[in-house]
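Spelled out, the chains give:
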Amino acid sequence: MKKFDKDRLLLAVAGPVLALVSALVLTVIVLAASGVDPIDPLRIMIDQAGYEDIQVLIINQAGIYYLAALAVAIGFRMNLFNIGVDGQYRLAAMISAVVGTAVSLPGPLHVLLIVVVAMLTGAFWAGIAGALKARRGVSEVVSTIMLNAIATSLIAWLILPKNFGVQPAGSNDLTTGDIPESGWVPSLSLPGGDIYGFTFVAFALGIVYWFVLNRTRFGFDLRATGASESAAQASGVDAKKMIMTSMLISGAVAGLTGMPLLLGESHTYNLSFPLGIGFTGITIALLGRNNPVGIFFSALLIAFIDKASAGLDQNGYAKEIGTILQGLIVIAVVVSYELVRRYGIRRQQQKVGEELAAGHALKTDNKEVAA
């Protein structure tokens, strides 16, 4: 058993390490082929991470990415591909900002209301895809992609001045208005800047995710249904109910993705709210292998690439080098994990063969002794 656990641990670590090494090697090759110094940009990015303000930006961004990746990971555990995290998070941020601006409550209640509205909105939007999957067998990949586009159009309509939007004087931007200070989450002030208070909530949710998944009956049912829906049904698990529940929880966590920024810095939803967070969450969940600790380090890595690459253009390099590195990480993750999976299967078959051969040899020896 100890040997098996050791092999499993090595295989779990081999995937991310192989992916990162492969991505770095491919990045160096691409840069060298383009006539760019392949080492200096990476050195500049590492140097950038030494500044305190960049470190704060990385932590804040990692908290946002962590929530998006957890939302994706919940779906992955159920063998569901929730590509709609981006639409769920933006719609939830917009609706919760509208509600937070319109009401006036004591501090903790005001924050709680905004958070609950965000979770309900995200859960509702993901629940549409869950219902289509459970009742009609519609692929969640197709439905969530379509819901992303619908969310974008719905937000554009809701934020019009004739609806819930506000256009500041002398600006072309549209916002939902400013949330009163009672709806803000206090930040942690450091020499390099302020770390969003909700960032710590985001990381704490990783502990909740691990506990629910590994120490509760619901988590067992979810993992069992994701591994084999037919086997789970045979053991009494309602697969359709699990699909619906998983999508609702995934959407609720996705709805929290915008809370660190909304409650910690912007205090309003506007047209400049970041796009693509949900798709980045897919990369992070894959790289972290749906494990809360792995997702944490993966979120820090992607956030580091995001923020550290922003200074490349000041040193004569294109900041898109960071985007290239992230894209290569995605490709490397898919390829390396498949290679590791196949190696793991071959290794397991080899071990079973060795055990059967050893057992056969033992029986032969016993017969010879008896004779």
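Residues numbered from 1 in each chain as written. Predicted model: local features only at pLDDT ≥ 70, side-chain atom pairs only at ≥ 80, totals over all residues. Heavy atoms only, no water.

- An unreviewed UniProt entry lists the chain under the name ABC transporter permease, from Streptomyces cirratus.

Quick look at a nonpolar patch on the surface
Now for step 1: Together, Leu-9, Val-13, Val-17, Val-21, Val-25, Leu-26 and Ile-29 line one region of the surface with nonpolar side chains, adding up to about 590 Å² of accessible area.
Now for step 2: Take Val-25: it is sitting in helix α1 (residues 2-33). (Patch = residues over 30% accessible without salt bridge, like charges linked within 9 Å, V, L, I, M, F, W, Y side chains within 5 Å. Areas by Shrake-Rupley, 256 points an atom, 1.4 Å probe, with all protein chains shown as cover. Salt bridge = Lys/Arg side-chain N within 4 Å of Asp/Glu carboxyl O. Helix = DSSP H or I, 4+ residues; strand = E, 2+ residues; numbered from the N terminus.)

So, the packing of aromatic side chains
Now for step 1: According to the stated counting rule, one finds eight aromatic pairs in the structure shown.
Now for step 2: Arranged with centres 6.4 Å apart and planes meeting at 80°, the rings of Tyr-66 and Phe-296 form a pair that is edge-to-face. One end of the pair, Tyr-66, is in helix α3 (residues 52-77); the other, Phe-296, is in helix α13 (residues 292-308), with 230 residues separating them in the sequence.
Now for step 3: Looking at Tyr-66, the relative accessible area reads 3%, which means it is buried.
Now for step 4: Residue classification places Phe-296 among the partly exposed positions, given a relative accessible area of 27%.
Now for step 5: Relative to Phe-81, the ring of Phe-76 has its centre 5.1 Å away and its plane inclined at 65°; by these criteria the two rings are edge-to-face. (Phe/Tyr/Trp six-rings, centres within 6.5 Å; stacked < 30°, edge-to-face > 60°. Buried < 20%, exposed > 50% of the residue type's maximum accessible area, 1.4 Å probe, protein only.)

Some remarks on the side chain of Thr-175
Now for step 1: Residue position: Thr-175 is located in the loop between α6 (140-158) and β1 (188-190).
Now for step 2: Reaching out from Thr-175, the side chain makes a polar contact with the backbone nitrogen of Gly-177 at a distance of 3.1 Å.
Now for step 3: Residues in contact with Thr-175, not counting those within four places in the same chain, are Ile-159, Phe-164, Gly-165, Val-166, Pro-168, Thr-268, Tyr-269 and Asn-270. (Polar contact = N/O pair within 3.5 Å; in protein donor to acceptor, adjacent residues only side chain to side chain. Contact = heavy atoms within 4.5 Å.)

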